[in-house]
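# Chains, contacts and geometry: an overview
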Amino acid sequence: MATRQERNTPTRKKKLRKGRTIFAIILVLIVAIAGIGFYQYKSSLSAAQSDNQMKDFKFNGEQPEDVNDLNVLLIGSDSRGKDQGRSDSLLIAHYDTKSKKPKLVSIMRDTYVDIPGHGLNKINAAYSFGGPELVRQTIKKNFGVNLEYYVVANFEGFPKIVDTLAPDGIEINAEKDMSKNIEANIKAGKQKMDGATLLQYARFRHDAESDFGRVRRQQQVLTALKDQVQSIGTITKLPSLIGTMQGYTNTNVTTGMMLSIGKDFVLGKTDDIKDFRLPVDGTYKGERTSHGDVLDIDVAANAKALQDFLKD
């Protein structure tokens, strides 16, 4: 055991001073990185908010039974500015924070369901009638799934989020030539799409597959975006991206939650995204109603299939 005299030797004092200096440098670097991240987040958020014309919503989210589960309602709105419109895309993003398993459920827009207070109608009408809160109630009533969070993005915001994430474009293997009733002329094959083109690719449904093909392409696009997030390769870019996403969407997802989940994706901790579609095959038939052509579904069968998928 060292004596008091040995503990106070010049060499030992020099080592202690060196240790304190290194610790101080590390501390300064941590504070600097945090400050830069906060500045990037606020700058991106402010710029996006000043350009965003979306209205505010009320949302009475309910937590899933499993505390590790996050269920987020994703709505792609066909609105421009404050005109609410219908939900052009309707999805449920599920994430198990313990197992790091992401899942994505696409709900076809013509699915015929009971909308609380409005009777039977296409599910995409729920957003027009009562915003994301009525969509949440509709999903809970018909499929028995609790949704705690929501994100609404419109046609104006989506391209800007994509261009912030990938200034050089997102690589997509286009399934076919597409141009009918969309604002783009897309050729089949691998290519890089900017945000505006990617939106048109995801929205195209004027072929024999109609909404079935569109849902598949939406899932393809979201998987490509997830891969792009992982390709960033550094967590320091997250604050700027999250600021842009929050500014160009309407959401109740907190900044802390976005950072936590975003970190998992950037660091490659998550599994591949598992896709699911409602209605499932063999549980629906096409019908002509006063609301137009709809998918008349077996509600109980689809509710069970969805719940089983989320629990698996």
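Fair warning: this is a prediction, and the values are worked out from it, not measured in the lab.

## Structural notes on the confidence of the model for the protein chain
- For the protein chain, per-residue confidence averages 83 on the pLDDT scale, and 78% of positions sit at 70 or higher.
- Highest mean pLDDT in the protein chain belongs to strand E4 (residues 111-115) (98); lowest belongs to helix H1 (residues 4-7) (50).
- This model gives residues 28-37 a pLDDT under 50, and the stretch forms one contact once residues within four places in sequence are excluded.

## Some thoughts on the packing of aromatic side chains
- Applying the stated rule across the entire model yields six aromatic pairs.
- Centroid distance Phe57 to Tyr127: 5.9 Å. Interplanar angle 55°. Geometry classified as tilted. One end of the pair, Phe57, is in the loop between helix H2 (10-51) and strand E1 (69-77); the other, Tyr127, is in helix H3 (residues 125-143), and 70 residues separate them in sequence.
- What links up through ring pairs into an aromatic cluster is the set Phe57, Phe59, Tyr127 and Tyr150.
- A cation over a ring is seen here: Lys103 above Phe309, with NZ or CZ 5.2 Å from the ring centre.

## Describing the sheet that holds strand E12 (residues 292-297)
- Taken together, four strands build an open sheet; the order of strands is E5-E4-E12-E11 and the sheet is mixed. Only two strands of the sheet have a single partner each, and these edge strands are strand E5 (119-122) and strand E11 (284-289). Ignoring which end each strand starts from, the neighbouring axes of this sheet average 50° apart.
- Across the sheet, H3 touches E4, E5 and E12, and the angle it forms with E4 is around 90°.

## As for the nonpolar core
- The biggest cluster of nonpolar side chains holds 35 residues, and the ones touching the most others in it are Ile170, Ile172, Ile186, Leu198, Tyr201, Val221 and Leu225.
- Those elements that provide at least two residues to this core are E1, strand E6 (149-154), helix H4 (157-165), strand E7 (170-174), helix H5 (195-203), helix H6 (211-232), helix H7 (238-247) and helix H8 (255-266).
- Both domains that meet at this core, namely domain 1 (56-154 + 257-311) and domain 2 (155-231), each give it at least three residues.
- Counting 33 residues, the second largest nonpolar core, distinct from the first, contains Val135, Leu147, Tyr150 and Val152.

## Details of the pairing of E4
- The buried fraction of E4 is high, at four of five residues.
- Judged from the two bridges that link them, E4 and E12 form a sheet pairing that is parallel. Following the sheet pairing, Tyr112 is matched in E12 by Asp296.
- Where E4 and E5 come together, four bridges link them in antiparallel fashion. Each bridged residue has a counterpart across the sheet, and for Ile115 the counterpart in E5 is Gly119.
- From the end of E4 to the start of E5, which pair antiparallel, there are three residues, and Gly117 there has a positive phi angle of about 85°.

About the cut-offs
Residues numbered from 1 in each chain as written. Predicted model: local features only at pLDDT ≥ 70, side-chain atom pairs only at ≥ 80, totals over all residues. Heavy atoms only, no water. pLDDT = per-residue confidence, 0-100. Helix = DSSP H or I, 4+ residues; strand = E, 2+ residues; numbered from the N terminus. Contact = heavy atoms within 4.5 Å. Phe/Tyr/Trp six-rings, centres within 6.5 Å; stacked < 30°, edge-to-face > 60°. Lys NZ or Arg CZ within 6 Å of the ring centre and 35° of its normal. Pairing = 2+ DSSP bridges. Axes fitted to C-alpha atoms, helices over the stretch in contact; angles between N-to-C directions. Core = buried A, V, L, I, M, F, W, Y, C linked by side-chain atoms within 4.5 Å. Buried < 20%, exposed > 50% of the residue type's maximum accessible area, 1.4 Å probe, protein only. Domains from an automatic or database assignment.

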